[in-house]
Each structure stands twice: as structure tokens, then as C-alpha cells.
Amino acid sequence: KHKQQLWSHPQLIGYIEVEDIEPVITRDEFKKNASREELYSALLSIEDDLHKALSEELDKQRVVTFNVIENVLGKALKRAIRIDRKIERPPRDTASEESSRKAIVDENTQGVATPTDVGDDASLAADGAAEEPAGAGPAAKEGEEAKKVAKKKSTVRPATGPGIVLRELPETADGAVRRYQVSGDLIEINTAHPDFKSRIRQKRGRVQMNDRLGGYLANVITASYKQQLYEKTGKNPSRDEIYDDLLRSASDIEQSLKRSMPQLQRELKAISKDGPALVNEVDTK
């Protein structure tokens with residue numbers, strides 16, 4: 001029943017001690033006798049339990065593996081959000097800012113003697129600092145307060161975004177297989193979708209990230225994130241603007257994933273080394 005997927009699984013290790021069993025000349029089968037039948041019966045009797053135990057351990061490892069991938073996806077999404085904010089932020093009016101700064105300086109220095117006005121007094125140059133000029137205190141303080149407020153307003157908020165979860169999702173009410181769903185602040189990507197399953201790869205029982213899967217995840221994340229963004233901001237972009245926006249963000253996320261791929265593969269490999277190794281003893285003596 002589980003011959004191919006169980007006994008040949010790379011993370012099921014061990015050996016079976018038997019007596020009175022001899023291989024045929026091709027060494028791919030045993031000679032027929034009572035001991036062979038007893039061995040096969042013993043193996044068949046533990047297949048279901050062994051398969052269940054292996055599946056449970058692999059599920060635990062898969063959760064850890066997906067957590068690592070989710071963290072990388074989350075960082076890529078945050079980077080894309082930062083890029084979006086830079087694009088949407090209006091350009092600074094440097095000429096207006098310079099004019100306002102000069103106006104504050106002129107206001108603060110009205111009626112104050114400068115080194116040039118007094119003949120470039122050497123004592124002022126040597127001291128490096130003078131007492132606060134009379135009449136300039138309140139205006140200077142107001143100017144400093146205005147600068148602090150402006151700086152606080154111009155501070156960029158940290159790029160936060162929805163979390164990402166990889167898990168199996170149920171079908172919709174009409175039986176359709178969804179690619180993702182939004183649940184609160186989470187983007188839940190369906191690992192049971194055929195497009196996800198056809199792109200994910202495993203080697204010796206280890207989940208491997210690859211460019212095809214990265215491209216698919218980048219597109220799914222972008223579609224979900226942009227949908228939420230348009231709804232929250234009330235934007236109503238044209239069809240061309242939507243296409244351009246989706247393609248740009250998907251490309252940004254995909255490039256981030258490619259840069260993270262070597263480190264991600266090393267982490268996934270480390271997980272597999274610490275993964276399950278099931279040993280089951282069968283006594284046929």
C-alpha cells in the first residue's frame with residue numbers, strides 16, 4: 001500500500017534483522033520460503049502506523065520550513081511597500097523651503113550687529129560665541145520649534161505590511177480552489193493550489209525554494225497587497241495604471257527573493273539535517 005512513498009523515503013532509516021532469508025541471484029528478491037512470508041507479513045502489519053508517524057514528523061518539519069520562507073516573503077513585501085511610499089510621496093519644494101529658511105533667519109537677526117557692521121571685531125572671532133542678542137530670543141525659539149515640527153512631519157513611517165502565511169485553504173462555496181485569502185492582517189497563500197504544488201520542489205524529503213516558486217509567490221502577494229491598498233486608500237486607478245503597478249511591485253518582490261535565495265537555501269538545508277529520522281525495529285526471529 002505504501003511501498004513506494006514509505007520504504008524508499010530518505011528520512012526513514014534503519015535496518016531489519018532476519019534469519020533464514022536468502023536473496024535470489026539478481027538480489028532484488030528473496031527466495032520463497034516460510035521465513036520470507038513471515039517477514040512480509042510483519043512489514044505489512046506496521047506500514048500504516050509507520051506511515052502515520054512519518055507523516056506527522058514531516059508535517060512538523062514542513063511548518064518550520066514554511067516559517068522560514070514566510071519570514072523571507074515578509075521582508076520582500078516590506079521592501080516593496082517602502083518603494084511604493086517613495087513613489088507616492090510628493091517631491092519636496094526645495095525653493096520654497098529655502099525661502100522660508102531665509103525668512104526665519106532674517107527675522108531672527110533683525111537689529112543684531114554682525115562682525116562686518118562693527119569692523120570685523122577680532123575679539124568676536126576669537127571667542128567663537130557671543131551672548132544671545134537682545135530681542136532675538138523668542139523669535140529664535142519659535143524658529144527652532146518650527147524646525148522640530150517640520151522634521152517630525154517629514155519623518156517616514158516604518159514600512160509595515162500584512163503578515164504572510166503558507167497553509168492549505170479550503171475551497172470556496174462554489175468549489176473553486178483559491179490562491180490566497182486575506183484574514184485580518186494576514187495574507188494566507190494556499191499551499192494546496194495546483195500552481196503552488198507544481199512549482200515547489202523536494203530533494204531527499206527537503207523542501208527547496210526555486211525561482212519558479214518565487215515568481216509565483218511574488219505575483220500572488222502583489223495581487224493581494226494591492227487589492228488591500230486600493231480598498232484602504234480609496235484609489236481608483238485606470239487599467240493601465242493597475243497593470244504597471246502590479247508588474248513593478250511583483251518584480252521588486254521577485255528580485256528581493258532572488259537575492260535572498262542562497263541564504264534561504266542554506267537555512268532550509270539546515271532544517272532538513274535536523275529533521276525526522278524514524279527507526280522501527282521489526283523482530284522476525
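This is a predicted model, so every value here is computed, not measured.

A. Structural context of the confidence of the model for the chain. For the chain, per-residue confidence averages 77 on the pLDDT scale, and 67% of positions sit at 70 or higher. The low-confidence segment residues 152-159, where pLDDT is below 50, has seven contacts with residues more than four positions distant or belonging to other chains. Long-range and interchain partners of residues 276-285, a stretch whose pLDDT sits below 50, account for 30 contacts in this model, where long-range means more than four residues apart.

B. Structural view of a positive patch on the surface. Residues Lys-75, Lys-78, Arg-79, Arg-82, Lys-86 and Arg-259 make up a contiguous surface patch of positive charge. With five residues, helix H2 (residues 34-88) is the largest single contributor of residues to the positive patch. Structurally, the position occupied by Arg-259 is in helix H8 (residues 239-273).

C. Summary view of the packing of aromatic side chains. Within the structure shown, the criterion is met by one aromatic pair. The interplanar angle of 80° and the centroid separation of 6.4 Å between the aromatic rings of Phe-66 and Phe-196 together place this pair among those described as edge-to-face. Taken together, the residues Phe-66 in helix H2 and Phe-196 in helix H6 (residues 194-197) connect sequence positions 130 residues apart. Each member of the pair, Phe-66 together with Phe-196, is buried.

D. Spotlight on the sheet that holds strand E2 (residues 180-183). The three strands are arranged E1-E3-E2 in an open sheet whose pairing can be described as mixed. Since the sheet does not close on itself, it has two edges, and those belong to strand E1 (163-167) and E2, each with one partner. This sheet shows a mean twist of 25° between the axes of neighbouring strands, independent of strand direction. Of the strand pairs in this sheet, E2 and strand E3 (residues 186-190) are connected by four bridges, and their pairing is antiparallel. Across the sheet, Tyr-180 pairs through a bridge with Ile-189, a residue of E3. Running at roughly 145° to E1, H2 makes contact with E1 and E3 of the sheet. The strands touched by helix H7 (residues 211-233) within the sheet are E1, E2 and E3, with E3 carrying the most contacts at an inclination of about 145°.

E. Representation of H7 in the model. With 23 residues, H7 extends 32 Å from end C-alpha to end C-alpha; this agrees with the ideal 33 Å at 1.5 Å per step. N-cap assignment for H7: the residue whose side-chain oxygen lies 3.1 Å from the backbone N of Arg-212 is Asn-210. Among the residues trailing H7, Gly-234 stands out with phi positive, at a value near 70°.

Basis of the calculations
Residues numbered from 1 in each chain as written. Predicted model: local features only at pLDDT ≥ 70, side-chain atom pairs only at ≥ 80, totals over all residues. Heavy atoms only, no water. pLDDT = per-residue confidence, 0-100. Contact = heavy atoms within 4.5 Å. Patch = residues over 30% accessible without salt bridge, like charges linked within 9 Å, V, L, I, M, F, W, Y side chains within 5 Å. Areas by Shrake-Rupley, 256 points an atom, 1.4 Å probe, with all protein chains shown as cover. Salt bridge = Lys/Arg side-chain N within 4 Å of Asp/Glu carboxyl O. Lys, Arg positive; Asp, Glu negative; His and termini not counted. Charge placed at Lys NZ, Arg CZ, Asp CG, Glu CD. Helix = DSSP H or I, 4+ residues; strand = E, 2+ residues; numbered from the N terminus. Phe/Tyr/Trp six-rings, centres within 6.5 Å; stacked < 30°, edge-to-face > 60°. Buried < 20%, exposed > 50% of the residue type's maximum accessible area, 1.4 Å probe, protein only. Pairing = 2+ DSSP bridges. Axes fitted to C-alpha atoms, helices over the stretch in contact; angles between N-to-C directions. Expected span 1.5 Å × (residues − 1). Polar contact = N/O pair within 3.5 Å; in protein donor to acceptor, adjacent residues only side chain to side chain.

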